[in-house]
Amino acid sequence: MPELPLEGKFALVTGASKGVGKGIALELARQGAHVAVNYHTDGGGAAETVKAIAAMGRRSFAVQGNVGVKAEVDAMFAHTLQEFGLLDILVNNAGIQTWKPLLELAEAEWDRVLSVNLKGCFLCTQLAARAMKDSGGGAIVNIGSGCNKWPFPNLVDYTASKGGIEQLTKVAAVELGPLKIRVNCVAPGAIEIERTQNEAGDYAGTWSKLTPMRRVGVPADVAHAVAFLCEDKSDFITGQTLWVDGGLFTRPVWPYE
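Just so you know, these numbers come straight off a predicted model, no measurement behind them.

**Student:** What exactly am I supposed to notice about the overall build of the protein here?
**Tutor:** Summing up its helical and strand segments, the protein has 8 helices and 7 strands in all. Here the protein has a C-alpha radius of gyration of 18 Å; the compact-globule value for 257 residues is 18 Å, and the two agree. Counting only C-alpha atoms and orienting by the principal axes, one finds that the protein spans roughly 55 × 45 × 40 Å. Expressed as a percentage of its 257 residues, the buried residues of the protein come to 51%. Sequence-distant contacts in the protein: of pairs separated by 6 or more residues, those separated by 24 or more amount to 74%. Looking at the protein as shown, the accessible area adds up to about 12,300 Å², and 57% of this sits on carbon and sulfur atoms.

See the structure below:
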């Protein structure tokens, strides 16, 4: 049996109790990695993710923590490093959004989204990089969004946070490159998960018509891209945003078919 690309690697995936985060955690495990599964409130979902990873013969455990709170991030990394001894891969996936027009958005809602999405990415990246530099390097993948490129109405806080993540990715890649730490961003398009299904009565039908590949994505589509960026074969790729969108955000607004 051939060696798996991530055999023996140790990974932490934030927001991995369901949706895209769960898909990423499972794919890293399929590729050979041992995975720490972060969650904030969905302990049951995290336990299911851990169970599925353990069934593959990998080490896994759930670790609770709000990524926007430094003390909780500190505790999460301390637990992870105690269990694994080192960290090779971090995936900053945890994210939330507020669906509300700019003129109606409350300050507390803005603060909450920016805290989890952008501050959380910063805090986790910083702690992961400190651990990785002492063990010879590693790979960090941040999960962006189509709003890295397009403005999303009624999602001003989410859009601002994801745009910030793309720039954070670039700065981190430049600063951490000499430490053999690669930092990249994966920007999904329309991905059908529990949350997005609630955005429209027919989410898949709505977005597949706009997507050149004529379908919406699933968590596995994002997970495959993330796993590739964590492999040694992508060792010279850093500071990049990889679009996993079926061409959706490449397509211009065009009145003719």
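Now that the structure is up, let's keep going.
**Student:** Looking at this structure, I do not really get empty space enclosed by the protein. What am I missing?
**Tutor:** The probe, sized like a water molecule, is rolled over the atoms to show the empty space still left. Counted under the stated rule, the structure contains 1 cavity of 30 Å³ or more. Together, 13 residues line the largest cavity, and N92, N93, A94, N117 and C121 are the ones closest to its centre. Listed by contribution, the elements that provide at least two residues to the lining of the largest cavity are helix 4 (107-133), strand 5 (138-143) and helix 5 (156-176). Ranked by residues supplied to the lining of the largest cavity, first place goes to helix 4 with 4 residues. Here the residues of the lining of the largest cavity are counted per class, giving 6 nonpolar, 6 polar and 1 charged.

**Student:** What is the right way to read the sheet that holds strand 3 (residues 60-64) from this model?
**Tutor:** Within a sheet, neighbouring strands are paired by backbone hydrogen bonds and run either parallel or antiparallel to one another. The strand order across the open sheet built from 7 strands is 3-2-1-4-5-6-7, with neighbouring strands paired in parallel fashion. The two strands at the open ends of the sheet, each matched to only one other strand, are strand 3 and strand 7 (241-244). Between one strand axis and the next, the sheet turns through 20° on average, direction left out of account. Direction of pairing for strand 1 (residues 10-13) relative to strand 4 (residues 89-92): parallel, over a ladder of 3 bridges. In the sheet register, A11 faces strand 4, and the bridge partner there is I89. Across the sheet, helix 4 lies against strand 4, strand 5 and strand 6 (181-188), angled at about 175° from strand 4, the strand it touches most. Contacting strand 5, strand 6 and strand 7, helix 5 runs over the sheet at an angle of about 160° to strand 6.

**Student:** For this particular structure, what's the right way to read the nonpolar core?
**Tutor:** One broad trend across soluble globular proteins is that nonpolar side chains are buried collectively. In terms of nonpolar packing, the biggest core is built from 31 residues, with I24, L28, V35, V186 and V226 touching the most fellow members. Every element with two or more residues in this core is listed here: strand 1, helix 1 (19-30), strand 2 (34-39), helix 2 (43-54), strand 4, strand 5 and helix 8 (219-230). If you tally residues by element for this core, the top one is helix 8, at 7 residues. Excluding its chain neighbours within four sequence positions, the residues that come into contact with I24 are V13, V91, N93, I143, V222, A223 and V226.

Definitions and limits used
- Residues numbered from 1 in each chain as written.
- Predicted model: local features only at pLDDT ≥ 70, side-chain atom pairs only at ≥ 80, totals over all residues.
- Heavy atoms only, no water.
- Helix = DSSP H or I, 4+ residues; strand = E, 2+ residues; numbered from the N terminus.
- Rg over C-alpha atoms; globule rule 2.2 N^0.38 Å.
- Buried < 20%, exposed > 50% of the residue type's maximum accessible area, 1.4 Å probe, protein only.
- Contact = heavy atoms within 4.5 Å.
- Areas by Shrake-Rupley, 256 points an atom, 1.4 Å probe, with all protein chains shown as cover.
- 1 Å grid on protein atoms, 1.4 Å probe; cavity = no way out; pocket = protein on both sides within 12 Å on 5 of 7 lines; lining within 4 Å.
- Points joined across faces, edges and corners; volume = space filled by probe spheres on them.
- Nonpolar A, V, L, I, M, F, W, Y, C, P; charged D, E, K, R; others polar.
- Pairing = 2+ DSSP bridges.
- Axes fitted to C-alpha atoms, helices over the stretch in contact; angles between N-to-C directions.
- Core = buried A, V, L, I, M, F, W, Y, C linked by side-chain atoms within 4.5 Å.

Keep in mind these values describe shape, not function.
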